[in-house]
Amino acid sequence: MSRPSIDIETQNSMFDVIKSGWVSQGKKTEEFEANLSEYFSSKVVVVNNGTSALTAALLAHGIKSGDKVVVPSFTFVATSSAAKLIGAKIIIADVDIETLNITPNSIEKIVKEHGDIKAVLIVDMAGQPLDLEPIIELSKRYNFILIEDSAQAIGSEYKNKKIGSFEHTSCFSFTVAKIITTIEGGCITTHDPQIHKKLNQIRNVGRDGPGQYVHHLIGCNYRFTDIQAILGTNQLKQINNFISQRIKIANEYTNKIKTLTFQKTPKYVTTHTHMLFFAFSKNVNERDKNLKFLRDNGIDARLPYMPIHRQPCNPELENSTAPNSNLIYETGFTLPIFNDMTEDECNLVIDYCNKL
């Protein structure tokens, strides 16, 4: 489905960090954060993975046990699990059948119905930005905390502005399948100095810096390593090439595969980085046959995420209604896409898809 792109120069840089004798969070991590801050035009804190980024962001904004948090029904389970680990009560909102993203209307409907929503977690599915302006307006009108799960969306742009550069808090992931990777890792972006300070403390078990044993708040060990940081720094230098290649592959799929339909991209999206590429069959039986055919022929097509309300770990949500998410789950699958995918590999996927 995906393959990390780590060149020899980057590998050698990682060995240099090991040989330096300082491999844990240090100066290289500070440099990586500075580079990310410049990229996003935001304050940035790096953490050990994307789930930690979400959890830290929720904690920094004061989300606590019993608070109601809205999440999309179609998303990776970490979006809801991070909030549940804190003790928050999850309320799901259905997504748009074409964009696969939560909509302003679905958010407003739930906020009006429940009245005491503390936070809304929005997700840029597959790297495609949501319609942010009306959602930001809703957060101000109804006074809820807005946190963007941008795990898949580094480099994506909404109306020519990078995801992660807006005033609300955004969370990113750097796992091996993402646009840039630090093997495991993630980061949080914010414009709020107080949230930035809290995030640094939460990452470091509640203290202001290393070597101190005064803990100002309850935190966790979400620290990074300098080995990962030098990898991330070198990956960030290549991000524009990575994104261009993914867009090229996505365009080839969309223009040349005639047997499937795909995630729709609205006009407000100026850059969709295609961390994932979603395709759809007519019904679940056809989807399952197509998936088996592709996998039998060496194409690593995969099932989509099971909706949040159908996950075995969320029995309290089993009576929730999200017909669009159910339909996406039953008819969708993902096709391989990654940074150094060759033209031959791309054509192989297209050829077998056109045999479906």
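Check the entry above for the structure.
Read on for a plain summary of the structure. Please read these numbers as outputs of a predicted model, since none were measured by experiment.

1. Concerning the overall build of the protein
Tallying secondary structure elements over the protein gives twelve helices and 13 strands in all. At 20 Å, the protein has a C-alpha radius of gyration in line with the 21 Å of a compact globule built from 356 residues. Oriented by its inertia axes, the alpha-carbon framework of the protein measures out at about 65 × 55 × 35 Å. In the protein, which comprises 356 residues, the proportion classed as buried is 54%.

2. Quick look at the packing of helix α2 (residues 27-40) against helix α8 (residues 226-237)
Each packed pair of helices is defined by two parameters, the angle between the axes and the distance between the axes. α8 packs onto α2 with a crossing angle of 30 degrees between their chain directions and a minimal axis gap of 8 Å. On the basis of their axis angle, the class for α2 and α8 is roughly parallel. Judged by the twist between their axes, the crossing of α2 over α8 is left-handed. Seen from α2, the contacting residues are Lys-27, Lys-28, Thr-29, Phe-32, Asn-35, Leu-36 and Tyr-39; seen from α8, they are Asp-226, Ala-229, Ile-230, Gly-232, Thr-233 and Leu-236. For the contact of α2 with α8, the per-class residue count stands at six nonpolar, four polar and three charged.

3. Section: helix α6 (residues 132-142)
Turning to α6, its buried residues are Leu-132, Ile-135, Leu-138 and Ser-139. With its buried residues spanning 120 degrees around the axis, α6 presents them on a single face. As for α6, its buried residues are in contact with α5 (104-114), β4 (117-123), β5 (145-149) and β6 (157-158). Immediately beyond the C-terminal end of α6, within one or two residues, lies Asn-143, with a positive phi of roughly 60 degrees.

4. Details of the packing of helix α3 (residues 50-60) against helix α4 (residues 78-86)
In the contact formed by α3 and α4, the axes pass within 9 Å of each other and the chain directions differ by 45 degrees. In this view, α3 runs oblique relative to α4, as classed from their interaxial angle. Crossing of α3 against α4: the hand is right-handed. Where α3 approaches α4, its residues Thr-51, Leu-54, Thr-55, Leu-58 and Leu-59 are matched on the opposing element by Ala-78, Thr-79, Ala-82, Ala-83 and Ile-86. By residue class, the composition of the contact of α3 with α4 is seven nonpolar, three polar and no charged.

5. Quick look at the side chain of Asp-124
You can see Asp-124 is positioned in the loop between β4 and α6. Lys-178 is the oppositely charged side chain nearest to the buried, salt-bridge-free Asp-124, at an N-O distance of 12 Å. Other than its neighbours up to four places away in sequence, Asp-124 contacts Asn-101, Pro-129, Leu-130, Glu-148, Asp-149, Ser-150, Gln-152, Ala-153 and Ile-163.

6. Observations regarding the state of the cysteines
Scanning the model with the defined rule gives zero disulfides in all. Cys-171 carries a free sulfur, and the closest cysteine sulfur to it, the one in Cys-187, is 8.2 Å from it. No disulfide involves Cys-346; its sulfur sits 9.8 Å from that of Cys-353, the nearest cysteine.

7. Things to note about the pattern of salt bridges
Here the structure, examined in full by the defined rule, presents 19 salt bridges. Within this structure, Glu-108, Lys-112, Glu-137 and Arg-141 form a network of salt bridges that share partners.

8. What to know about the packing of aromatic side chains
Enumeration according to the criterion identifies 13 aromatic pairs in this entry. On the basis of an interplanar angle of 20 degrees and a centroid distance of 5.9 Å, the ring pair of Phe-32 and Phe-224 is categorised as stacked. On the criterion of sequence distance, the pair formed by Phe-32 in helix α2 and Phe-224 in the loop between α7 (193-203) and α8 is long-range, its members being 192 residues apart. Just as Phe-32 is buried, Phe-224 falls in that class too. When the centroid spacing of 5.9 Å and the interplanar angle of 45 degrees are considered together, the rings of Phe-74 and Tyr-305 count as tilted.

9. Focus: helix α12 (residues 343-353)
Taken together, the buried positions of α12 are occupied by Cys-346, Val-349, Ile-350, Tyr-352 and Cys-353. Of the surrounding secondary structure, the elements contacted by the buried residues of α12 are α9 (239-256), α10 (284-296) and β13 (332-335).

10. What to know about the sheet that holds strand β11 (residues 269-271)
In space, the three strands of this open sheet follow the order β7-β6-β11, with antiparallel pairing throughout. Since the sheet does not close on itself, it has two edges, and those belong to β7 (161-162) and β11, each with one partner.

11. Description of unusual backbone geometry
Phi at Ala-126 takes a positive value of approximately 70 degrees, unusual for a residue other than glycine. Its place among the elements puts Ala-126 in the loop between β4 and α6. With a relative accessible area of 0%, Ala-126 lands in the buried category. For Asn-143, which is not glycine, the phi dihedral falls at a positive 60 degrees. Counting through the fold element by element, Asn-143 comes out in the loop between α6 and β5.

12. Some details on the side chain of Ser-73
With respect to the helices and strands, Ser-73 occurs in the loop between β2 (68-72) and α4. Polar contacts involving the side chain of Ser-73 include one to the side chain of Asp-94, which spans 3.4 Å. Dropping the residues within four chain positions of it, Ser-73 is found in contact with Ile-92, Ala-93, Asp-94, Val-95, Pro-307, Ile-308, His-309, Ala-322 and Ser-325.

13. With respect to a nonpolar patch on the surface
On the surface, Phe-15, Ile-18 and Val-23 cluster together into a nonpolar patch covering about 260 Å² of accessible area. For Ile-18, the location among the structural elements is in helix α1 (residues 8-20). Judged by its relative accessible area of 42%, Ile-18 is partly exposed.

Scoring rules and cut-offs
Position numbers for residues count from 1 along each chain, tracking the sequence in the order it is written. With pLDDT at 70 or above as the cut-off, local features in this predicted model cover only qualifying residues; side-chain atom pairs require 80 or more to be listed or tallied, and sums for whole chains, interfaces and linings still use all residues. Only hydrogens and water are set aside when side-chain values are computed; all heavy atoms of the structure are taken into account. Put simply, DSSP marks the helices as runs of H or I at least four residues long and the strands as runs of E at least two long, and each gets a number from the N terminus on. The reference for a compact globule is 2.2 Å times residues^0.38; the radius of gyration itself is calculated from the C-alpha atoms. Only protein chains enter the accessibility calculation, which uses a 1.4 Å probe; a residue whose area is less than 20% of its type maximum is buried, one above 50% is exposed, and one in between is partly exposed. Lines fitted to C-alpha atoms define the axes, with helix axes restricted to the stretch in contact, and inter-axis angles between N-to-C directions lie between 0 and 180 degrees. Between 65 and 115 degrees an angle is taken as roughly perpendicular, under 35 as roughly parallel, over 145 as roughly antiparallel, and anywhere else as oblique. A crossing counts as left-handed when the near helix is turned anticlockwise from the far one by less than a right angle, and as right-handed when that turn is clockwise. We call two residues contacting when some pair of their heavy atoms lies within 4.5 Å. By the convention adopted, Pro, Cys, Tyr, Trp, Phe, Met, Ile, Leu, Val and Ala count as nonpolar, Lys, Arg, Asp and Glu as charged, and the other residues, Gly among them, as polar. Arc definition: directions from the helix axis to the C-beta atoms. A residue counts as positive if it is Lys or Arg and as negative if it is Asp or Glu; His and the chain ends are not included. What counts as a salt bridge is simple: a side-chain nitrogen of Lys or Arg found within 4 Å of a carboxyl oxygen of Asp or Glu. For this text, the term disulfide refers to a pair of cysteine sulfurs within 2.5 Å. Between 30 and 60 degrees the pair is tilted, below 30 it is stacked and above 60 it is edge-to-face, where a pair is any two Phe, Tyr or Trp rings, Trp via its six-membered ring, whose centres lie within 6.5 Å. Any two strands between which DSSP finds at least two bridges are classified as paired. In protein, a polar contact means a hydrogen-donor-capable atom and an acceptor-capable atom, both N or O and within 3.5 Å, with residues adjacent in sequence counting only if both atoms are side-chain atoms; elsewhere, any N or O pair within 3.5 Å suffices. For patches, a residue must show more than 30% relative accessible area and have no salt bridge; joins then use 9 Å for like charges and 5 Å for nonpolar side chains, namely Val, Leu, Ile, Met, Phe, Trp and Tyr. Note on areas: these come from Shrake-Rupley sampling with a 1.4 Å probe, and a residue is covered only by the protein chains present in the view.

Function-wise, these values are silent; they only describe arrangement.
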